[in-house]
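If you want the building blocks of each chain, they are given just below.
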Amino acid sequence: MGIREFPGSAPRGKSIAIGMRRSPDVSPRRLSDISPQLRQLKYLVVDEAIKEDLKWSRSVEDLTSGPVGLTSIEERILRITGYYGYQPWAASYKREERPRESPGPAEAQAPAGGEASGRTSHRCWRCSQAQLKKIFWGVAVVLCVCSSWAGATQLAKLTFRKFDAPFTLTWFATNWNFLFFPLYYAGHVCKSAEKQSVKQRYRECCRFFGDNGLTLKVFFTKAAPFGVLWTLTNYLYLHAIKKINTTDVSVLFCCNKAFVFLLSWTVLRDRFMGVRIVAAILAIAGIVMMTYADGFHSHSVIGIALVVGSASMSALYKVLFKLLLGSAKFGEAALFLSVLGVFNILFITCIPIILYFTKVEHWSSFDDIPWGNLCGFSVLLLTFNIVLNFGIAVTYPTLMSLGIVLSVPVNAVVDHYTSKIVFNGVRVIAIIIIGLGFLLLLLPEEWDVWLIKLLTRLKVRKKEEAAEGGADVGLGPQSKSRRARPSFAR
């Protein structure tokens, strides 16, 4: 059986019967009935081959383990023989699950516990500090997005009082996109440890367009369409500001989030989410109610149609970018936006010239152009796009999107004091519905799973608190009765 005698054990030739059968006739009732076998097995050693074969039962490991060796010989014999339905794995697991008593006093363990708690608290402090820093940057980004978007909208409205040329203003502001890559490279030189030359960085970012980089074919097939969509988005938005107030324009432009979801669901085959369908329905209902708020006048209907068209172009831009180009890093995004500025300078410049000579967008002299307003609008729009594209490096994307919807009440306050806008019940309800739909679209894809987990944890915590309270109530009378029980021992 692979069992050999240990030196100093029983004489040779004296066999030990350990293969007893588990029948009521031969199985002993007390461990004293097999005490001779216990004394013999105390000095036995098991071969290594049998150890490997019996590892599943964990009996050999327990025979050779322990602080003294065979500390509990009765338990080992029951495990080997299998008397009384003994399950070795259950016994070993129960023994392992028992809390081990510390050999030393409680004071000896206090420094280790204090050190572990110190590490945990230090780690939690670092995590909370990082989260607080990210939230702080998020608040700063939200304020920057809100102020730049609302400021650009109000400044455009003010500019059109002296300079009625929305397309020329669009062209002038888009030219500033050329500054994206130079600004990015300046930040790269200041922050990056491995500094690269402009040519090296440019070549590395050009890989975003393909293996051959930014070729003429790539420029016209991948950059030019997005340049057209960019120009249409800004032109329709600025043209709508001429027709309706800035509050309606800003709140209607928030519907682009719903259009992005609908296009992503149909074109990109993104995950279907019922809550986002509800948000899209709310956006459409808000558009209809906003149209009804002014009584379906031709002026307001045209302005609302222009804003909806601008939001649609913006959604189409985002979905096509994801479909054709995928995701871009910071340097690649900066280079792409600079390429759009170059495209605008080379191929869109002719359109403002044509509009000027055809007197569609005409001004008497260049001295009458409010250059301060044009430059201010361009700087605010450039700031808005920089923060919106690169703010993800310091904070959460959801916080950045909140800045757009928060620009609506800012524009509403400004319009209340500078224009004759009437906030009737229909307009207020439309603003609330569109804002609610925008916020629903900011929910993550697994928001329902997180909500279920949160509710489950709350239920478990309530049950535990109720069980602990019941246990305290149940132990209270017993402890009182024990204390009140008289002792008859004299």
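Owing to the predicted nature of the structure, the values given are computational and were not obtained by experimental measurement.

Caption draft 1: Inspection of the confidence of the model for the protein at higher detail. Chain-level pLDDT for the protein is 75 on average; 69% of the residues reach the 70-or-more range. At the level of individual helices and strands, the protein shows its lowest average pLDDT in helix 5 (residues 88-97), which scores 40, and its highest in helix 7 (residues 166-175), which scores 95. Contacts of residues 479-490 to residues separated by more than four positions or lying in other chains number zero contacts, the stretch itself having pLDDT below 50.

Caption draft 2: Up close: the pattern of salt bridges. In total, this model carries three salt bridges according to the counting rule given. The salt bridge involving Lys242 is made with Asp164; its shortest N-O contact spans 2.6 Å. Here the residue Lys242 occupies a position in helix 10 (residues 216-243), and Asp164 occupies one in the loop between helix 6 (106-159) and helix 7, the gap between them amounting to 78 residues. What makes Lys242 partly exposed here is its relative accessible area of 29%. Note that Asp248 is salt-bridged to Arg427, the shortest N-O span being 3.1 Å. In this pair, Asp248 is assigned in helix 11 (residues 246-253) and Arg427 in helix 19 (residues 425-441), connecting sequence segments 179 residues apart. Overall, Arg427 belongs to the buried group, its relative accessible area being 2%.

Caption draft 3: The arrangement of the packing of helix 7 against helix 16 (residues 350-357) in detail. For the pair helix 7 and helix 16, interaxial distance at closest approach is 10 Å and the crossing angle is 155°. As judged from the angle between their axes, helix 7 and helix 16 are roughly antiparallel. In the crossing of helix 7 with helix 16, the sense of the turn from one axis to the other is left-handed. Here Phe167, Thr168 and Trp171 of helix 7 lie close against helix 16, whose contacting residues are Ile351, Pro352 and Leu355. A breakdown of the residues in the contact of helix 7 with helix 16 according to their chemical character gives five nonpolar, one polar and no charged.

Caption draft 4: A look at the packing of helix 10 against helix 14 (residues 298-324). Where helix 10 meets helix 14, the closest approach of the two axes is 8 Å, and the angle between their N-to-C directions is 160°. In terms of orientation, helix 10 and helix 14 fall into the roughly antiparallel class. The chirality of how helix 10 crosses helix 14 is left-handed. Partitioning the contact of helix 10 with helix 14 into residue classes produces 16 nonpolar, seven polar and two charged.

Caption draft 5: Spotlight on the nonpolar core. In terms of nonpolar packing, the biggest core is built from 54 residues, with Leu238, Leu252 and Phe377 touching the most fellow members. By residue number, the principal contributor to this core is helix 6, which donates six residues. By size, the runner-up hydrophobic cluster in this structure holds 30 residues, among which are Phe180, Ala224, Phe336 and Leu337.

Caption draft 6: The side chain of Glu361, seen in detail. Assignment of secondary structure puts Glu361 in the loop between helix 16 and helix 17 (371-390). Despite its burial, Glu361 pairs with no opposite charge, the nearest such side chain being Lys242 at 6.6 Å. Polar contacts involving the side chain of Glu361 include one to the main-chain amide nitrogen of Phe167, which spans 2.9 Å.

Caption draft 7: Looking closely at the environment of Lys157. Within the secondary structure, Lys157 sits in helix 6. Since its relative accessible area comes to 26%, Lys157 is described here as partly exposed. Along the primary structure Lys157 and Ala240 are separated by 83 residues, whereas in three dimensions their C-alpha atoms are 9.9 Å apart. If near-sequence neighbours (up to four positions away) are discounted, Lys157 is found in contact with Ile241, Ile244, Asn245 and Thr246.

Caption draft 8: How the structure looks around a nonpolar patch on the surface. A contiguous nonpolar surface patch, about 770 Å² in accessible area, is contributed by Phe178, Leu179, Leu183, Leu216, Phe220, Ile345, Leu346 and Phe347. Those elements giving two or more residues to the nonpolar patch turn out to be helix 10 and helix 15 (330-348). At three residues, the largest contribution of residues to the nonpolar patch is made by helix 15. Within the secondary structure layout, Leu216 lies in helix 10. The class of Leu216 is exposed, set by a relative accessible area of 62%.

Caption draft 9: Highlighting the packing of aromatic side chains. Counted under the stated rule, the structure contains 31 aromatic pairs. Among the aromatic side chains, those forming a connected cluster through ring pairs are Phe208, Phe209, Phe226, Trp230, Tyr317, Phe321 and Phe336.

Caption draft 10: Representation of helix 8 (residues 180-191) within the structure. Helix length check: helix 8 (12 residues) gives 17 Å between terminal C-alpha atoms against 16 Å at 1.5 Å per residue, within 8%. Within helix 8, burial applies to Phe180, Phe181, Tyr184, Tyr185 and His188. Across the axial projection of helix 8, the buried residues extend over an arc of 125°, all falling on one side. In this structure, the buried side of helix 8 is in contact with helix 9 (198-206), helix 15 and helix 17.

The rules behind each value
Residues numbered from 1 in each chain as written. Predicted model: local features only at pLDDT ≥ 70, side-chain atom pairs only at ≥ 80, totals over all residues. Heavy atoms only, no water. pLDDT = per-residue confidence, 0-100. Helix = DSSP H or I, 4+ residues; strand = E, 2+ residues; numbered from the N terminus. Contact = heavy atoms within 4.5 Å. Salt bridge = Lys/Arg side-chain N within 4 Å of Asp/Glu carboxyl O. Buried < 20%, exposed > 50% of the residue type's maximum accessible area, 1.4 Å probe, protein only. Axes fitted to C-alpha atoms, helices over the stretch in contact; angles between N-to-C directions. Parallel < 35°, antiparallel > 145°, perpendicular 65-115°, else oblique. Left-handed = near helix turned anticlockwise from the far one by under 90°. Nonpolar A, V, L, I, M, F, W, Y, C, P; charged D, E, K, R; others polar. Core = buried A, V, L, I, M, F, W, Y, C linked by side-chain atoms within 4.5 Å. Lys, Arg positive; Asp, Glu negative; His and termini not counted. Polar contact = N/O pair within 3.5 Å; in protein donor to acceptor, adjacent residues only side chain to side chain. Patch = residues over 30% accessible without salt bridge, like charges linked within 9 Å, V, L, I, M, F, W, Y side chains within 5 Å. Areas by Shrake-Rupley, 256 points an atom, 1.4 Å probe, with all protein chains shown as cover. Phe/Tyr/Trp six-rings, centres within 6.5 Å; stacked < 30°, edge-to-face > 60°. Expected span 1.5 Å × (residues − 1). Arc of directions from axis to C-beta.

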